[in-house]
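Spelled out from the first residue to the last, the chains are:
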Amino acid sequence: MSSHYEAPIREPLVLGEKSYHDISVDVGAPVLGKANKSWWIVFTIALIAFLWGLGCIIYTVSTGIGVWGLNKTIGWAWDITNFVWWVGIGHAGTLISAVLLLFRQKWRMAVNRSAEAMTIFAVVQAGLFPIIHMGRPWLAYWVLPIPNQFGSLWVNFNSPLLWDVFAISTYLSISLVFWWTGLLPDFAMIRDRTKSPFQKKIYGILSFGWSGRVKDWQRFEEVSLVLAGLATPLVLSVHTIVSFDFATSVVPGWHSTIFPPYFVAGAIFSGFAMVQTLLIIMRKVSNLESYITVLHIEYMNKVILLTGGIVTVAYITEYFIGWYSGVPYENYTYLSFGAATGPYWWAFWALIICNLIVPLSLWVKKLRRNIRWTFFVALVINIGMWFERFDIIVVDLSKDRLTSSWTMFQPTFVDIGTFIGTIGFFFVLFLLYARTFPVIAQAEVKTILKSSGESFKRLRAEHGDDHSHIQTVEEYPADAGPAANVEGKHFDSVFDDSNEEDSENNEVDFELHRGKIDNLLSSIGTFNPEVEKQDDLKKISGVGPVMEQKLHQLGIFTFEQVSRMTDREYDLLDEIISEFPGRAKRDDWAGQALTLKNNN
Amino acid sequence: MAATKIHAIYTDDDLLMQAVKQTRSANYHISEVFTPFPVHGLDHAVGLAPTRIAITSFLYGLVGLSVAVAMMNFMMIQDWPQNIGGKPSFTFYQNMPAFIPIMFELTVFFAGHLMVITFYMRSKLWPFKKAENPDLRTTDDHFLMEVDADNHDVAKLTKFLYDTGASEISLIENEQDH
């Protein structure tokens, strides 16, 4: 089918000669296999970090937020920094799955599942901070619009902090639903492939009984498209609203009209950096290099370049406007000469170096396609984007309008512990995800296999681009409908007489084909039961029990023998076993047998 | 009444597409097709009506918008007006700019969630629902076409399906309670 055409100058999105089944096997392997040692080591470290953070959170809640390093001048510090950082990271997933779906970017298929998982886990971390910051988290439900016990005093819908509540909860829940809907067919694949009854039960529940009916798929595709259409403005709105937390205030450095677009670009920038960090490791550990290729990494690096460029322009604009205003106070904002040379010079330069300078290296194609360098740059951007939020919050607050109250912020071990704890929690969730979820949207990847898969490309190269790789079957002469299927009109009997055999009594006419059988065996080799073991030929698709029996009668018992078949042997086989003409060639038995032989 | 079906299994999506077209043009009735991934154009080939789920989403979005407007109008304007930072709260339209973010969020919230719930209900997907794909391989790499065999010569239908390239064909006798 010509619709599978992919321009030869394009790099393939799926490497190697994969079949649909190979994709299932590769995606299912981390779930169906056992965890290796390095997984357990990393998981233990993450778990310890998480438990430490949990201890810090319990300490904070039971004692009060006085245990943090906040002071009278700096009333927001690491907590909101971490909140904005995590929310920002949570932007890449929906961008990949929604915006790139609307733009029909096929490369998203290999990375969207993990990016969405990362989004959800990051937003969970983000949500923790405002709740802890409330001091009395058990009253968190007061942010909901419910009449409280003092009378109907409602929540304040004029406040950007309340907008945050609605934006983040809508974003989290819609992302979760989007993610889960996409997971159903993949859970179903695991459910149907696993041998363990326990897994079968669990994945049966998780897959919601997905059966893959054509109507389900039709709705599935429509739902994905509409959700993408809804999620695209949603993802832009979330960080816009987060930036309103600052932009609607009157603190210099915060009160800035370019915050919404600049925050959104920064969020995508940091989100993609985190996706790179996670996927570069995961493609290695889970052996997914054929699906998450260097090309995917390069594409993501290009997004990083674009959004990093937007962020750079925003920084320069902020710096310039602050200076141009001539207001001395502006010299204390986070992007100013005063900040670059003041007590927080290191935070200023961390921001500039990590977010402006280091990502510039990605303009070089060699570096953009270098996995180690990409990993390094991604880590640097993660750090830089944390400093961006730290600078906006702490540097801007540290020098307020009253010089006598100028001060610095000193984090306590609780601040640090809580932050580390959320990183631990994030990795605990992600590592569990990597072991229990299909980490690549395999159903979607299967739809691009025919355009990207090597074996299909070769077929097109051999037969021309619009060649159908399926063999045209002979049209059944039933144009007049089933009513025309009357015996004697188009054919004499249903099957040829020679085919009327049941599988129990399924003899090949040896005498008739003696010469051909010898000829066949001489080229593919004979089977020696003394030294060789017979293979289960039914594993070759197209070989049923009947066919296997016949092959055995001919003396074909191993994949080795089948793999030696060429067109000549196929023709011989067709002459000997006449009822399946062309079947062996169409299904490429030799190719299949070769794979099976190598897998044994 | 015994409903007789024939399950024909294909190993390739293009082959399946061709088979579906041939089967329909031969006036056989395809009662169901199970595929491991969305096959582009298959719904059209099988003759399914387009789904209306996007329309429901639009309507749910309107509901969400109305809920947001009604809620904020009642809480901030009618029930307990307050002077918050000098923002005008005498009428809804004066205060509305501050309400736009939540109007948007609730529109998306309702449109997204109710559409997905509708999808799950219509396609009968929920936890503890038993999967109904007749062959386990249809979630992996096989494609199954279910053809009504009532009132047809099963042997001929089988031969026909074999000619369309089916790799396995099986006859299913379903005793239905009526």
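Residues numbered from 1 in each chain as written. Chains lettered and ligands numbered in written order. Predicted model: local features only at pLDDT ≥ 70, side-chain atom pairs only at ≥ 80, totals over all residues.

1. Focus: the overall build of chain B
Okay, step 1: When helices and strands are counted, chain B shows 6 helices and 4 strands.
Okay, step 2: On C-alpha atoms alone, chain B measures out to a radius of gyration of 26 Å, which is more than a quarter above the 16 Å that the 2.2 N^0.38 rule sets for 178 residues.
Okay, step 3: Here chain B holds 178 residues, and the buried ones make up 43% of them.
Okay, step 4: Within chain B, contacts between residues at least 6 apart in sequence are counted, and of these 75% link residues at least 24 apart. (Helix = DSSP H or I, 4+ residues; strand = E, 2+ residues; numbered from the N terminus. Rg over C-alpha atoms; globule rule 2.2 N^0.38 Å. Buried ≥ 20, exposed ≤ 12 C-beta atoms within 10 Å, placed from the backbone. Contact = placed C-beta atoms within 7 Å.)

2. Focus on the overall build of chain A
Okay, step 1: When its secondary structure is counted, chain A shows 23 helices and 0 strands.
Okay, step 2: Looking at chain A alone, contacts between residues at least 24 apart form 81% of all its contacts between residues at least 6 apart.

3. Structural notes on the environment of N158 of chain A
Okay, step 1: The residue N158 of chain A is located in the loop between helix 5 (108-133) and helix 6 (160-193) in this model.
Okay, step 2: For the pair N158 of chain A and Y570 of chain A, spaced 412 residues apart in sequence, the C-alpha to C-alpha distance is 77 Å.

4. Describing the interface of chain B and chain A
Okay, step 1: At the junction of the two partners, chain B supplies 75 residues and chain A supplies 69 residues.
Okay, step 2: Within the residue set of the side of chain B that touches chain A, elements represented by two or more residues are helix 1 (13-25), strand 2 (30-34), helix 2 (42-46), helix 3 (53-79), helix 5 (100-122) and helix 6 (154-163) of chain B.
Okay, step 3: Of the residues forming the side of chain B that touches chain A, the biggest block, 14 residues, is contributed by helix 5 of chain B.
Okay, step 4: Class assignment of the residues belonging to the side of chain B that touches chain A gives a composition of 39 nonpolar, 18 polar and 18 charged. (Nonpolar A, V, L, I, M, F, W, Y, C, P; charged D, E, K, R; others polar.)

5. A short note on unusual backbone geometry
All names here are of chain A.
Okay, step 1: Residues other than glycine seldom take positive phi values, yet R104 does so here, at roughly 55°.
Okay, step 2: Structurally, R104 is set in the loop between helix 4 (92-102) and helix 5.
Okay, step 3: Given 7 C-beta atoms within a 10 Å radius, R104 is considered exposed.
Okay, step 4: The phi dihedral of N287 is positive, around 55°, even though this residue is not glycine.
Okay, step 5: Structurally, the position occupied by N287 is in the loop between helix 9 (259-285) and helix 10 (294-325).

6. Section: the packing of helix 12 (residues 345-357) of chain A against helix 14 (residues 371-398) of chain A
For any two helices packed against each other, the geometry is given by the interaxial angle and the distance between the axes.
All names here are of chain A.
Okay, step 1: One way to put it is that helix 12 packs onto helix 14 with a least axis distance of 8 Å and a crossing angle of 145°. Crossing handedness for the pair helix 12 and helix 14: left-handed. Where helix 12 approaches helix 14, its residues A347, F348, A350, L351, C354 and N355 are matched on the opposing element by V380, I381, I383, G384, M385, F387, E388, F390, D391 and V395.
Okay, step 2: Looking at side-chain class alone, the contact of helix 12 with helix 14 contains 12 nonpolar, 2 polar and 2 charged residues. (Axes fitted to C-alpha atoms, helices over the stretch in contact; angles between N-to-C directions. Left-handed = near helix turned anticlockwise from the far one by under 90°.)

7. A closer look at the confidence of the model for chain A
Okay, step 1: Chain-level pLDDT for chain A is 84 on average; 88% of the residues reach the 70-or-more range.
Okay, step 2: Across residues 473-505 of chain A, where pLDDT falls below 50, the model places 34 contacts with residues more than four positions away in sequence or in other chains. (pLDDT = per-residue confidence, 0-100.)

8. Digging into helix 3 of chain B
Okay, step 1: Compared with the 39 Å implied by 1.5 Å per residue over 27 residues, the 37 Å span of helix 3 of chain B between its first and last C-alpha is a close match.
Okay, step 2: A maximum bend of about 30° is found in helix 3 of chain B at N73 of chain B.
Okay, step 3: Regarding helix 3 of chain B, the residues found buried are I53, S57, Y60, G61, G64, A68, M72 and M76 of chain B.
Okay, step 4: Here the buried face of helix 3 of chain B lies against helix 8 (214-247) of chain A together with helix 4 (92-95) and helix 5 of chain B. (Expected span 1.5 Å × (residues − 1). Bend = angle between axes of the 7 residues up to and from the residue.)

9. Let's talk about the packing of helix 9 of chain A against helix 10 of chain A
Residue and element names in this part refer to chain A.
Okay, step 1: At a minimum axis distance of 8 Å, the contact between helix 9 and helix 10 shows a crossing angle of 150°. The angle between helix 9 and helix 10 falls in the class roughly antiparallel. Helix 10 is crossed by helix 9, and the crossing has left-handed handedness. Of the residues in helix 10, those touching helix 9 at Y262, A265, G266, I268, F269, F272, A273, V275 and Q276 are I297, M300, V303, I304, T307, G308, I310, V311 and A314.
Okay, step 2: A breakdown of the residues in the contact of helix 9 with helix 10 according to their chemical character gives 14 nonpolar, 4 polar and no charged. (Parallel < 35°, antiparallel > 145°, perpendicular 65-115°, else oblique.)

10. Things to note about the domain arrangement of chain B
Okay, step 1: By domain assignment, chain B separates into domain 1 (2-36 + 141-175) and domain 2 (53-122).
Okay, step 2: Measuring from the centre of the C-alpha atoms in domain 1 of chain B to the corresponding centre in domain 2 of chain B gives 49 Å. (Domains from an automatic or database assignment.)

11. Here's the deal with helix 6 of chain A
Because the α-helix completes a turn every 3.6 residues, residues three or four places apart line up on one side.
Residue and element names in this part refer to chain A.
Okay, step 1: Helix length check: helix 6, at 34 residues, gives a terminal C-alpha distance of 48 Å against a target of 50 Å (1.5 Å per residue), a fit within 8%.
Okay, step 2: Along helix 6, the sharpest change in direction is near 40° and occurs at L184; proline P185 comes one to four residues later.
Okay, step 3: Counting buried positions over the 34 residues of helix 6 gives 27, a clear majority of the element.

12. Quick notes on the confidence of the model for chain B
Residue and element names in this part refer to chain B.
Okay, step 1: Here chain B averages 89 in pLDDT, while 97% of its residues score no lower than 70.
Okay, step 2: Across chain B, element-level confidence peaks in helix 5 with a mean pLDDT of 95 and bottoms out in strand 4 (residues 168-175) with 82.
Okay, step 3: Across the assembled chains, the prediction reports ipTM 0.93 with pTM 0.80.

13. Digging into the environment of M274 of chain A
Residues and elements named next belong to chain A.
Okay, step 1: Within the secondary structure, M274 sits in helix 9.
Okay, step 2: C-alpha of M274 to C-alpha of S19: the two residues are 255 residues apart in sequence and 31 Å apart in space.
Okay, step 3: In contact with M274, not counting residues within four places along its chain, are I89, A92, M118 and N382.

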